[in-house]
Amino acid sequence: MNNLQIEIDSGSGFCFGVTTAIKKAEEELAKGTKLYCLGDIVHNSMECERLQQMGLITITHDDLAQLHDAKVLLRAHGEPPETYELARRNNIEIIDATCPVVLQLQRRIKQQYEAGGSIVIFGKKGHAEVLGLVGQTHGEAIVIEKFDDVKQLDFTRDIFLYSQTTMSLDEFHRIIAYIQEHMTAGARFQSFDTICRQVANRMPNISQFAARHDLILFVCGRKSSNGRVLYNECLRMNPNTHLIEGPYEIDLQWLKDAQTIGICGATSTPKWLMEQCRDAILKQSVQL
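Quick caveat: nothing in here was measured; it's all calculated off a predicted structure.

Enquirer: So what about the packing of aromatic side chains? Which residues, and what values?
Expert: Overall, the coordinates contain five aromatic pairs when judged by the stated rule. Look at F155 and Y178: their rings are 6.2 Å apart centre to centre, the planes differ by 55 degrees, and that puts the pair in the tilted class. Here Y178 lies in helix 7 (residues 169-182) and F155 lies in the loop between strand 7 (142-144) and strand 8 (159-163), a separation of 23 residues in the sequence. Among the aromatic residues, those joined into a ring-pair cluster are F147, F155 and Y178.

Structure, rendered in structure tokens:
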């Protein structure tokens with residue numbers, strides 16, 4: 001194992017939106033502010049734990065309803081209008097860390113909803129970002145999670161299709177093609193490519209990365225929507241790919257025949273965690 005080579009993917013790690021949200025949290029906590037965060041700031045338990053140790057208190061929407069005269073951070077995923085209304089009623093100061101890409105998408109969906117037509121969102125039902133998007137339409141938007149769901153749409157109505165920012169670009173294009181083929185004469189269809197390019201561009205990059213190593217360790221919280229998409233792409237390119245949440249999940253057996261190991265992750269995976277996994281392998285490889 002002396003010749004073992006380990007590469008951490010330079011394209012992996014926090015996206016711009018998550019980096020900004022964490023920076024805002026750290027700045028507030030450094031001032032000694034009592035700061036609440038509505039939901040996990042990022043879908044990574046170890047990063048959440050690090051910020052919790054700095055004083056960040058994670059709360060649910062039910063907790064928010066009981067909270068008054070406090071300071072609450074809204075994470076990058078965004079929130080529906082009701083959250084802002086509740087904050088106003090309860091005299092809660094909002095630190096808004098909604099990703100600018102998500103914020104722009106919320107505005108577009110709200111404008112389109114007010115202009116009329118059927119709003120369809122390609123996204124994960126119940127995902128924080130999707131709840132924020134559906135909230136712009138008073139809960140009337142239709143959410144489709146996968147290609148097969150598109151067959152249930154009413155093609156006699158005008159359809160305006162949007163996407164959660166972290167979905168698969170290929171599947172989005174398949175959905176567009178299907179709708180175009182099935183629209184009734186006289187009904188309008190428009191699609192808006194709202195997939196974040198910082199995320200979408202990771203797909204071809206991570207494919208190349210996965211193909212050039214004997215073993216891939218994909219470090220990611222199991223709640224991450226974006227992580228699931230990228231992990232599946234790694235697995236497609238390299239069957240010797242394992243999803244782990246941290247160094248404690250690394251199995252020594254995986255390393256036995258590997259000369260080169262690639263470590264990569266999702267937009268919710270901190271660089272320090274990938275580095276910890278690398279260090280754990282180097283420590284363990286001495287035993288092999």
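Moving on from the model shown.
Enquirer: Can you explain the pattern of salt bridges? Please cite residues and give values.
Expert: Evaluated as defined, the whole model comprises 16 salt bridges. A salt bridge links E245 to R222, with the nearest nitrogen and oxygen atoms 3.8 Å apart. Remark: R222 occurs in the loop between strand 10 (215-219) and helix 10 (225-237) and E245 occurs in the loop between strand 11 (241-244) and helix 11 (252-255); sequence separation between them is 23 residues. The partner of R278 in a salt bridge is D279, with the nearest N and O atoms 3.1 Å apart. Residue R278 is classed as partly exposed on the basis of its relative accessible area, which comes to 27%. Within this structure, E28, K31, K71 and E93 form a network of salt bridges that share partners.

Enquirer: Could you give me a rundown of the sheet that holds strand 1 (residues 5-8), with the residues and numbers involved?
Expert: Overall, parallel pairing links the four strands, which are arranged 1-12-10-11 in an open sheet. For this open sheet the edge positions go to strand 1 and strand 11, each flanked by a neighbour on one side alone. Across the sheet, the axes of successive neighbouring strands diverge by a mean angle of 20 degrees, strand direction being ignored. By the bridge criterion, four bridges tie strand 1 to strand 12 (residues 260-265) in an arrangement that is parallel. Residue pairing for strand 12: E7 is matched across the bridge by G262. Together, strand 1, strand 10 and strand 12 form the strand contacts of helix 9 (residues 202-211), whose direction differs from that of strand 12 by roughly 155 degrees. Against the sheet, helix 10 contacts strand 10, strand 11 and strand 12, and its axis sits at roughly 160 degrees relative to strand 11.

Parameters at a glance
- Residues numbered from 1 in each chain as written.
- Predicted model: local features only at pLDDT ≥ 70, side-chain atom pairs only at ≥ 80, totals over all residues.
- Heavy atoms only, no water.
- Phe/Tyr/Trp six-rings, centres within 6.5 Å; stacked < 30°, edge-to-face > 60°.
- Helix = DSSP H or I, 4+ residues; strand = E, 2+ residues; numbered from the N terminus.
- Salt bridge = Lys/Arg side-chain N within 4 Å of Asp/Glu carboxyl O.
- Buried < 20%, exposed > 50% of the residue type's maximum accessible area, 1.4 Å probe, protein only.
- Pairing = 2+ DSSP bridges.
- Axes fitted to C-alpha atoms, helices over the stretch in contact; angles between N-to-C directions.
- Contact = heavy atoms within 4.5 Å.

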